[in-house]
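Structure assessment
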Amino acid sequence: MIPSAEIIALEDRYGSGLESKQPLVLVRGQGARIWDAEGREYIDCSTGPAVASVGHANPIVAEAIAEQAKRLLVCSNGYYNEQRAELLGRLMRIAPAGMERAFLCNSGTEAVEGALKFARAATGRTKVIAAMRSFHGRTMGALSATWRKEYRKPFEPLVPGFEFVPYNRPERMEQKVDGETAAVILEVVQGEGGIHPAAPGYLEGVQALCRERGALLILDEVQTGFGRTGKMFALEHHAVQPDLLCLAKAMAGGMPMGAILIGERVGPLPKKIHGTTFGGNPLACAAAKATIRFIESQNLPQRAAELGQRLSDGLKAIPSPLIREVRGLGLMVAVELKQKSGPYLAALAERGVLALSAGANAIRFLPPLVITEQEIDKVVQETAAVLEG
Ligand code: PLP
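Quick summary incoming for the structure in this document.

About the cut-offs
- Residues numbered from 1 in each chain as written.
- Predicted model: local features only at pLDDT ≥ 70, side-chain atom pairs only at ≥ 80, totals over all residues.
- Heavy atoms only, no water.
- Phe/Tyr/Trp six-rings, centres within 6.5 Å; stacked < 30°, edge-to-face > 60°.
- Helix = DSSP H or I, 4+ residues; strand = E, 2+ residues; numbered from the N terminus.
- Buried < 20%, exposed > 50% of the residue type's maximum accessible area, 1.4 Å probe, protein only.
- Lys NZ or Arg CZ within 6 Å of the ring centre and 35° of its normal.
- Pairing = 2+ DSSP bridges.
- Axes fitted to C-alpha atoms, helices over the stretch in contact; angles between N-to-C directions.
- Contact = heavy atoms within 4.5 Å.
- Near = heavy atom within 4 Å.
- Polar contact = N/O pair within 3.5 Å; in protein donor to acceptor, adjacent residues only side chain to side chain.
- Areas by Shrake-Rupley, 256 points an atom, 1.4 Å probe, with all protein chains shown as cover.
- Nonpolar A, V, L, I, M, F, W, Y, C, P; charged D, E, K, R; others polar.

Counted by the stated rule, this structure contains 5 aromatic pairs. Note on F103 and F118: the rings are 5.9 Å apart at their centroids and 80° apart in plane angle, and the pair reads as edge-to-face. With F103 in strand β4 (residues 99-105) and F118 in helix α5 (residues 108-123), this pair connects stretches of sequence that are 15 residues apart. For the pair F103 and F118, a shared accessibility class is recorded, and that class is buried. Aromatic pair Y167 and Y202: ring centres 5.5 Å apart, planes at 70°, arrangement edge-to-face. Remark: Y202 occurs in helix α9 (residues 202-213) and Y167 occurs in the loop between β6 (162-165) and α8 (170-176); sequence separation between them is 35 residues. Here Y167 matches Y202 in class, with each residue buried. The residue whose ring lies beneath R28 is W35, and the NZ or CZ to ring-centre distance is 4.2 Å.

With that settled, consider the sheet that holds strand β5 (residues 127-131). The strand order β4-β12-β11-β10-β7-β5-β6 describes an open sheet built from 7 strands, whose pairing is mixed. Taken across any chain shown, the strands that pair with only one partner, and hence form the sheet edges, are β4 and β6. The mean inter-strand angle of the sheet, taken between neighbouring strand axes irrespective of direction, is 20°. Where strand β11 (residues 244-247) and strand β12 (residues 258-263) come together, 4 bridges link them in antiparallel fashion. Within β12, the residue paired with C246 across the bridge is I260. Relative to the sheet, helix α4 (residues 82-94) contacts β4 and β12, its axis offset from that of β4 by approximately 135°.

All right, on to the site of the ligand then. Contacts to the ligand come from S107, G108, T109, F135, H136, G137, E187, E192, D220, V222, Q223 and K249. Between D220 and the ligand, the recorded distance is 2.7 Å, taken from a side-chain N or O atom to a nitrogen atom. A distance of 3.1 Å separates an oxygen atom of the ligand from a polar atom in the side chain of K249. Here the ligand, which alone exposes 390 Å², has 82% of that area covered by the protein. Residues belonging to the shell around the ligand are distributed by class as follows: 2 nonpolar, 6 polar and 4 charged.

Okay, here's the thing in structure tokens:
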């Protein structure tokens, strides 16, 4: 393999330069572990972010991909395919109550983009209410529902009709949703915004409001779906039934894939109002089928609940004056610091733990759901060393 310095130089020279990168060349993974080109081992609590839930190089998923790659890689949505049909069946079997159909796509932002279009088409309205601190993606529609100024500002004017309210404040939502509102879009746990779970009753209240005023409720579970929070879908922590549900990230074990689940209130959508070349391709469908089968057979949501508790408890017990708060749901945990998290993320990587930022001050842990108790304990121990030291 070419030396790490050369790999970094090539990416820096010819890549878009849009991302800020850690100076690490990651080349191989297994379960919760990942290795760099020099052979150094890390526990991966970054996972893509939130993609490698079934673990790196999951043998069941790898096998499904290899088999399908030898059979058929592409089948346009103008034809039927057995992998797609079986995935749709499996997806609807695990789907939350009220979901009837699915549109398959390739990423989170596409799932959000499609859901916004479906909401507009179904209601004939154009206004959308989103939450402050939200992140829904970077294409123009999804970006219009995303809160952070530095993502939005360079691209204004964005899609008209989007308004923001503070998350978890039902009275503010009540003031905004009206007869012009096509949809309210919310994350069940705000991920990129710093890991803020919905308060009990909040989503149920928003759902009731949407029904009363003829708007649709879009829940974005791109980051929280497929077991991450201790349930197959984070909305199962609440008594809420969305009209559109956006999924991606962990869905196909690392293959690019997303989905919009479509509920009964959306009604029939006119033919040809949306479409995709790669969405629902046989390779991604085979990977997603294997991923969902693995998540169910290993009861990973339950595992995420138990190990998430262990991780949260361990992090809460760190006696560091730097920590403002530890919060999260399942294996989606943030340590909010009183200062910027960047230097601490770098120090953690030095000690063999990869984690993420969320907002400016939080360290975010999104480990694979197959992480072991010993690996969780090591993550806690290294975090303590970094924050106490
Ligand atoms: N929605 C949520 C809640 C996300 O966390 C993300 C990505 O982090 C997206 C949408 C966008 O997904 P993608 O990066 O696959 O376009």
